[in-house]
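A structural walkthrough
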Amino acid sequence: MEDNNVQVFVFISALGSCLNGWRKLSQLAELPETHLIIRQTCREYADKELTPIAAKLDKEHCYPAQQIKELGAMGVMAIEVPEELGGAGMDYLAYSLALEEISRGCASTGVIVSVNNSLYTGPILKFGSEEQKKQWITPFTTGEKVGCFALSEPGNGSDAGAASTVAHQDGDEWVLNGTKAWITNSWESSAAVLFATTDKKLKHKGISAFLIPMPHPGLSLGKKEDKLGIRASSTANIILEDCRIPLGNLLGPRGAGFKIAMQTLDSGRIGIASQALGIAQASLDCAADYALKRTAFGAPIGKLQAIQFKLADMAVAVESARLLTWKAALLRDSKKAFTKAIQVLGGMGYVTDMSAERHYRDARITEIYEGTSEIQRLVIANQVLKEYQQ
Amino acid sequence: MSGRVLVGVKRVIDYAVKIRVKPDNSGVVTDGVKHSMNPFCEIAVEEAVKLKEKKLVKEVVAVSCGPQQVQETIRTALAMGADRGIHVEVSGKDYESLGPLQVSKIMAALAKKEEAQLLILGKQAIDDDCNQTGQMTAALLDWPQGTFASEVTVEGEKLKVVREIDGGLETIKINLPAVLTADLRLNTPRYATLPNIMKAKKKKITQVKPSDLGVDLTSRLQVLRVDEPPQRQAGVKVETVDDLVSKLRECGRI
């Protein structure tokens, strides 16, 4: 697993060069009491309610509606949303911890939680008007309704600036046409934050963000994709054919869509990193448990050095990834620039050796969505070169 | 009934942990071992919080006896909905020898001091399985007791309690103030909500010393030795019922 060795090396050197935030982070070696209780509560929930059904959800591609409602009641579906709007009013570190534990139980449930938090309520919290927040966030905090984020298209993913979905003004309405692809939560969503071009000549500065209720006339869904992993969450196309929405459904200023999308994904990446951590930890737990039980040559295989080295590598990778994720969350909470930290962890292939095939299938997606590993490498390279040019 | 409920919560080794006996056989290993709230105490807290939500009680106070670490357990009760906490500081040798007799004296003193109308405890702790504290506390206070409660209904100034007993279910009616001990089927404890966990941070935990309550912690018991249960031996498979009967006769079981 050469790839992972390189990535672990990159983390360690990135860690070493980020001394500024490091001292703050090492004070975090012991989490604050509230965060410990949050982590414990989510772990208990995941152990009792998610782990026992995860395999079944995966096999039957079944959306965990009951569990999402229960998580909503706990405040997990809107962790950063302020209490006045119905959320839990907590920081990003709490979000990262909660998401890791949920994903450890069931990665699909994790992504449903993550999309609703980071990609749906996230941009509305940051860029929405007070009226929009009440209308589009509050009903989505309880788990009864979930939202989705529609940026990617069949023709463009990583090059989000080339959006070909268009929106033009017609009287007091926007009319949208186009197709969005790979939209998580699409089939269960009651609303979408959707990106469309309002001024093609301005290229990526001509993209705007819109709030669209679902279902809605002119909006239809493609077939559910049959995926390798995270199978209990729906992924499908959203097709817009003369879909009309009020002018007031514009989210943020006209032309700010690209900026909104990028900022949202930057934060969302911490969520996905947490999800990957949860999957990695579940795999490590699985592997260690198996190593203690499975015997070969008269003893548990955990006694063999070859197995021990693998477990050690997994443990180090998970722990370093976890610290980096926490650091990114902390930096974001203190409103400092955090893209440097998450750039490194975004493209991880955390899980080095899986004994559970579902974890492997679920983990693979974390290298693709919300910023592919390849794009991450380009971003990292750019950053590194910029530093050396100074 | 519109008063104060005291709930006792005990910090015990987590139920999922594999217990290990100390090499000197003086007790079990607790250092670095995961601890959590006794499951029956969770059920007790849930019942108290439910009573408050039904507006049948005004205030839920969570109490725990032990060293600094028990504050985590009290904080968990606060996150579930208790209003404030009382930490009775007991540490060192006193904590090692702390048992139902000492705890019930403390609980009785607190119940009087706090003018509690109801005291709810778990039926027993999963570490010592004593099943004594509730009963002893009721006796010390001369209050009626509803132990092994699987259902509690408030009827004016009385409580109707359905108890799980060996023969089935027994329903009794008791006057307030009273002591209840929670059994497994009384309720399903809630998961703390994230906002409540945050709110719990601001709720007050007062520290109290047993001497302030006039309680003598001297134990009348001395633990001589702790041993692991004997290792389970492998069983033997037999082919027929006759074989089974003769094998049982062989080892003198019948």
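Residues numbered from 1 in each chain as written. Chains lettered and ligands numbered in written order. Predicted model: local features only at pLDDT ≥ 70, side-chain atom pairs only at ≥ 80, totals over all residues. Heavy atoms only, no water.

One broad rule of soluble globular proteins: the nonpolar side chains tend to lie buried together. If you look at the biggest cluster of nonpolar residues, it comprises 103 residues, and the most contacted ones within it are F195(A), L118(B) and L159(B). In terms of residues, this core owes the most to one element, helix α6 (residues 107-127) of chain A, which gives nine residues. In terms of nonpolar packing, the next biggest core, distinct from the first, is built from 26 residues, A108(B), A111(B), L119(B) and A138(B) among them. (Core = buried A, V, L, I, M, F, W, Y, C linked by side-chain atoms within 4.5 Å. Buried < 20%, exposed > 50% of the residue type's maximum accessible area, 1.4 Å probe, protein only. Helix = DSSP H or I, 4+ residues; strand = E, 2+ residues; numbered from the N terminus.)

The subject of this paragraph is the side chain of T184(A). You can see T184(A) is positioned in strand β3 (residues 173-184). Leave out the neighbours within four places in its chain, and T184(A) touches V111(A), V115(A), C148(A), S233(A) and S234(A). (Contact = heavy atoms within 4.5 Å.)

Next up on the list: the sheet that holds strand β4 (residues 59-66) of chain B. Residues and elements named next belong to chain B. The sheet built from nine strands is open, its strands ordered β9-β8-β7-β10-β6-β1-β4-β5-β11 with mixed pairing. If you trace the sheet from one side to the other, it starts and ends with β9 (168-175) and β11 (205-208), each paired once. Pairs of neighbouring strands in the sheet enclose a mean axial angle of 30°, with direction left out of account. The sheet contact formed by β4 and strand β5 (residues 84-89) spans six bridges and is parallel. By the bridge assignment, G66 is partnered in β5 with E89. Against the sheet, helix α1 (residues 39-53) engages β1 (4-8), β4, β6 (118-122), β7 (145-155) and β10 (178-182), with an angle of about 150° to β6. (Pairing = 2+ DSSP bridges. Axes fitted to C-alpha atoms, helices over the stretch in contact; angles between N-to-C directions.)

Applying the stated rule across the entire model yields 37 salt bridges over all chains. For K56(A), the salt bridge is made with E60(A), and the minimal N-O distance between the two is 3.9 Å. One end of the pair is K56(A) and the other is E60(A), both in helix α3 (residues 33-60) and four residues apart, which spans about a single turn. Take K56(A): its relative accessible area is 51%, and that puts it in the exposed class. By relative accessible area, which is 46% here, E60(A) ends up partly exposed. With a shortest N-O distance of 3.0 Å, D183(B) and K123(B) are connected by a salt bridge. One end of the pair, D183(B), is in the loop between β10 and α6 (194-202); the other, K123(B), is in the loop between β6 and α5 (133-141), and 60 residues separate them in sequence. We note that D183(B), like K123(B), is buried. Ionic contacts of the salt-bridge type, sharing partners, join the residues R39(A), R43(A), E101(A), R104(A) and D285(A) into one network. (Salt bridge = Lys/Arg side-chain N within 4 Å of Asp/Glu carboxyl O.)

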